[in-house]
Amino acid sequence: MAIARLLMSLLFAIIPASNAFAQEKVDGESAEAALNSEWHFRHELFQMLLEERGLQVAGSLDASLASPRDSVIVMIGKQGRANAAYAEKLSTFAERGGTILMAFDSTASIGGIASFTSTSITSEDSAIQYQGHSDCLRVANLERSHPLMKGLSELIVNRSGWLVLHPSQGMSWEVLATVPETCSPRRCRGQPLIAASLSGLPDAGTTIVAADPSLFTNSMLWHGDNALFAIRVSELLCRGEKRRLVFLVDGRPLPSYRASPLLQQTAKPELQRSMPLSVPIQNAPPPKPTLESALRLANSVIQNVEESNILNEALINQPRPLNRRLYTWIVLVGLVAIMAAWLTLKMKHTAAVNPPSPSARTMKTALALLNGNEDQGRQYGEAAQMLARDFCLELSAGAPLSPDSWHCLDNPAIQPSLERMSASQRRELTSLIELAASSDAPHISSRRLQQIGLLIHSLRGLHREVLLNATHTAGRVE
């Protein structure tokens, strides 16, 4: 609590006294309750740490992107659509010397830097639950050798998601905190919660990413070592000659923390009680607060915050996880749907294939079918006989043959070929001559017709080769 008291003392000691007269008086317990509730989820304390290190709030994000060496960019909450266009420029901003802090509670992918998952992590392990809440957890898996985590024992996160770090040639990530191994969903276990990256380029800046933006809210700074972590982050972001600050919450830039109406409204009652009851002179400068009154005001605020059970009220008002009974029904309905789809596909693949309907054919009698087979066999025989007779004419060297006798073995033109033929080839030649001399074409199959054709082709090649050699020999003799 020493760090928390230091933060609050510094906060109220630097508020100008003129701010006490900037707002109208708020009356009633309901207005005070609304003020306290809104204070929890704001970031005045963390923004104060940055501005008190010499940073001045910049007018626009473009101005900071244009001068990275003296600029700090903080992006917290939800990523606004207007700022999504700057995602690709942030890595270049860091490479040129700028420092960045990003902590989103919505699913978002920031260029080639990192992706944020908005699914809240929970745990049923009471050892890591904070104040009995399953979604408010103690995180002790810290990289304590890093300057940001030096001296820290645990951080308290509230409905946090997790990170997916994108590999980059120009940046080297170091994971500083990870999700405990007893958390749900299972895929989040061991995933990064906080990471920092130092670019390998000379004079480059630093990028810090966190999956839980509540680490930097006013209410969460009081718990665990969150306040010390916020101080370390502010030191790292402001390292060097940084002078410009852009503080974006839900995509909207914030003015200086000194302009926060909540700080002005909180400071007003104590300052008014410390003033004399006389009516102030018109246009007179307001009195300056003394150190004693500022410390008394800070102590009063700290005591009220400690006794108001702020964290429990804030967590009660936040939405809780799905009802277990409803979740069970959703899972069962999903399983039934998956099973029905699987059975449908299985039945579709295993169903019998209907054979195609037979093509229509003209009906024939048994006699027509028998005659058709005989005609086809006769046609094969006639074709074989024509091939045999043509071959006999070629062997006789054009000499006329008797229609009744196709024997050509006695022809002198065939003698050289007969001498080259083997005994089996002569028998095959004799069968061809008999086929050619037959008065009636035989009935043969298509296979036999093919065999006769191959036989004629081989004998014709032999005969022509003999004739060609004889011609060459005669030419040389002459």
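Note that this is a predicted model, so its numbers are computed, not measured.

**Regarding the sheet that holds strand β8 (residues 133-139)**
Within the open sheet, the three strands sit side by side as β7-β8-β9. Their pairing is antiparallel. Among the strands making up the open sheet, the edge pair consists of β7 (129-130) and β9 (155-158).

**Concerning the packing of helix α3 (residues 44-51) against helix α7 (residues 226-237)**
Running from amino to carboxyl end, α3 crosses α7 at an angle of 35°, the nearest separation of the two axes being 9 Å. The interaxial crossing formed by α3 with α7 has right-handed handedness. Residues F46, L49 and L50 of α3 lie in contact with α7, whose contacting residues are A230, I231, V233, S234 and L237. Across the contact of α3 with α7, the residue classes tally to seven nonpolar, one polar and no charged.

**Examining the sheet that holds strand β4 (residues 108-110)**
Strands sit in the order β4-β5-β10 across an open sheet of three strands; the sheet is antiparallel. Two strands bound the open sheet, and with one partner strand each, they are β4 and β10 (162-165). Here the average twist between neighbouring strands, direction ignored, is 20°. Both β4 and strand β5 (residues 114-117) contribute to a ladder of three bridges, which runs antiparallel.

**Let's talk about the pairing of strand β3 (residues 99-104)**
Among the six residues of β3, six are classified as buried, and the element is accordingly described as predominantly covered. By the alternation rule, side chains of β3 split into T99, L101 and A103 and I100, M102 and F104, which are all buried. Pairing analysis gives six bridges linking strand β2 (residues 71-77) to β3, with the strands arranged parallel. Residue I73 lies in a different strand from β3, and its bridge partner there is I100. Pairing analysis gives four bridges linking β3 to strand β14 (residues 206-210), with the strands arranged parallel. Directly across from A103, in β14, lies its bridge partner A210.

About the thresholds
Residues numbered from 1 in each chain as written. Predicted model: local features only at pLDDT ≥ 70, side-chain atom pairs only at ≥ 80, totals over all residues. Heavy atoms only, no water. Pairing = 2+ DSSP bridges. Helix = DSSP H or I, 4+ residues; strand = E, 2+ residues; numbered from the N terminus. Axes fitted to C-alpha atoms, helices over the stretch in contact; angles between N-to-C directions. Left-handed = near helix turned anticlockwise from the far one by under 90°. Contact = heavy atoms within 4.5 Å. Nonpolar A, V, L, I, M, F, W, Y, C, P; charged D, E, K, R; others polar. Buried < 20%, exposed > 50% of the residue type's maximum accessible area, 1.4 Å probe, protein only.

Purely spatial values, then, with no claim about function.
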